[in-house]
Amino acid sequence: MTDPLESDENGDAAVVVRSFAHPELFAELYHRYAADIHRFCGRRLGDGAADDVTTETFLTAFRTRRRFDTDRASARSWLYGISAELIDRQRRTEVQALEALAASGYDPVAESRADRALRAPLAAALAGLSTGDRHAVLLVGWADLGDQDVAEALGIDVVAVRNRLARARRTLRAALGYDDVLPGGSYVEEIHVLRSFRADASRPDRARLAPGRRRLLDRAAAARGPRRMLGRA
């Protein structure tokens, strides 16, 4: 196993390892990734729910940080995986919002740059996907993760990821009225449309993220407390 403190002193793995002794250092990962995680959650659940899910993502990551694979170059897929698990708890809300858009044309979550004629069928198709397939295709389309990153995020192998993506993309292509497979077996248009769907979801500013950071630092301070007390005993 590579020593993360030797391989990259500023890398995510090094931050995690240093946080074992100095818990407050874990807040650096919040600084690096909270805005991206929030925007991903916001596109799926809306800004209000995204506040809570983002905060809980980092609190969960902090609590379980000793399980993080320090051979990973980045904590990004790990954090997206935690957020996906938390979104699972609100999947009914997510699906109902997609179904409402499909039925009415109104999106309670965010505006889209996607063609208006494509929004309703795309929303209906996303609502109809299994939870696992929806996670996979949105981690690719909205979080820009590669197949291996999605596998790490969801705790499955790459073959399973590719199977999920193939099913999801066939469903999206059918809903959008595209031919099933492009020459060479590639899929392009449906991911392009997916990336424009809810693309106007806002990226949170520092003020919006500040309460979550404070909660994380409070948790870190509580984690350090017993060690300080023992040191004085």
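This text gives an overview of the structure that appears in the document.

Thresholds applied
- Residues numbered from 1 in each chain as written.
- Predicted model: local features only at pLDDT ≥ 70, side-chain atom pairs only at ≥ 80, totals over all residues.
- Heavy atoms only, no water.
- Helix = DSSP H or I, 4+ residues; strand = E, 2+ residues; numbered from the N terminus.
- Buried < 20%, exposed > 50% of the residue type's maximum accessible area, 1.4 Å probe, protein only.
- Contact = heavy atoms within 4.5 Å.
- Areas by Shrake-Rupley, 256 points an atom, 1.4 Å probe, with all protein chains shown as cover.
- Expected span 1.5 Å × (residues − 1).
- Axes fitted to C-alpha atoms, helices over the stretch in contact; angles between N-to-C directions.
- Nonpolar A, V, L, I, M, F, W, Y, C, P; charged D, E, K, R; others polar.
- Salt bridge = Lys/Arg side-chain N within 4 Å of Asp/Glu carboxyl O.
- Core = buried A, V, L, I, M, F, W, Y, C linked by side-chain atoms within 4.5 Å.
- Phe/Tyr/Trp six-rings, centres within 6.5 Å; stacked < 30°, edge-to-face > 60°.
- Lys NZ or Arg CZ within 6 Å of the ring centre and 35° of its normal.

Further remarks concern the overall build of the protein. Each helix and strand counted, the protein has 12 helices and zero strands in total. Starting at the N terminus and walking to the C terminus, you meet the elements of the protein as α-α-α-α-α-α-α-α-α-α-α-α. By the burial criterion, 47% of the 233 residues in the protein qualify as buried. Once local pairs closer than 6 in sequence are excluded, the contacts in the protein between residues at least 24 apart make up 66%. Accessible surface for the protein amounts to roughly 11700 Å². Of this, 48% is attributable to carbon and sulfur atoms.

Here the focus is unusual backbone geometry. One non-glycine residue, Asp 144, lies in the positive phi region at around 60°. For Asp 144, a relative accessible area of 51% translates into the label exposed. Phi at Arg 198 is positive, roughly 60°, even though this residue is not glycine. Relative to the helices and strands, Arg 198 resides in the loop between helix 11 (189–196) and helix 12 (206–232).

Attention shifts here to helix 5 (residues 76–88). With 13 residues, helix 5 extends 19 Å from end C-alpha to end C-alpha; this agrees with the ideal 18 Å at 1.5 Å per step. Most of helix 5 sits inside the fold, with 10 of its 13 residues counted as buried. Taken together, the buried positions of helix 5 are Ser 77, Trp 78, Leu 79, Tyr 80, Gly 81, Ile 82, Ser 83, Ala 84, Leu 86 and Ile 87. Summarising the contacts, the buried residues of helix 5 are in contact with helix 3 (27–45), helix 4 (47–63), helix 6 (91–104), helix 8 (131–141) and helix 9 (147–154).

It is worth spelling out the packing of helix 2 (residues 12–21) against helix 3 at this point. Where helix 2 meets helix 3, the closest approach of the two axes is 9 Å, and the angle between their N-to-C directions is 150°. Note on element contacts: helix 3 touches helix 2 through Glu 28, Leu 29, Arg 32 and Tyr 33, opposite Asp 12, Val 15 and Val 16. Broken down by class, the residue content of the contact of helix 2 with helix 3 amounts to four nonpolar, no polar and three charged.

Applying the stated criterion to the full structure yields 14 salt bridges. Residue Arg 208 pairs with Asp 51 through a salt bridge whose shortest N-O separation is 2.8 Å. You can see Arg 208 sitting in helix 12 and its partner Asp 51 sitting in helix 4, a full 157 residues away along the chain. Among the ionic contacts, a cluster of salt bridges with common partners joins Asp 12, Glu 28 and Arg 32.

This part covers the nonpolar core. Counting residues in each nonpolar core, the largest one holds 63 residues, and the members touching the most others are Phe 58, Leu 126, Val 137 and Leu 194. Counting residues per element, this core draws most heavily on helix 3, which supplies 10 residues. Not counting chain neighbours up to four residues away, the residues in contact with Leu 126 comprise Leu 98, Arg 134, Val 137, Leu 138, Leu 172, Leu 194 and Phe 197.

On inspection of all chains with the given rule, the structure shows six aromatic pairs. Residues Phe 40 and Tyr 80 carry aromatic rings whose centres are separated by 5.3 Å and whose planes lie at 90° to one another, so their mutual orientation is edge-to-face. With a gap of 40 residues between them, Phe 40 in helix 3 and Tyr 80 in helix 5 connect regions that are remote in the sequence. Overall, Phe 40 belongs to the buried group, its relative accessible area being 2%. Residue class for Tyr 80 comes out buried when judged on its relative accessible area of 3%. Centroid distance Phe 68 to Trp 78: 4.8 Å. Interplanar angle 45°. Geometry classified as tilted. One end of the pair, Phe 68, is in the loop between helix 4 and helix 5; the other, Trp 78, is in helix 5, and 10 residues separate them in sequence. Comparing Phe 68 with Trp 78, the two get one shared label, buried. Feature note: the residues Phe 26, Phe 62, Phe 68 and Trp 78 constitute an aromatic cluster, connected by ring pairs. Just above the ring of Phe 62 sits the side chain of Arg 65; from NZ or CZ to the centre is 4.0 Å.

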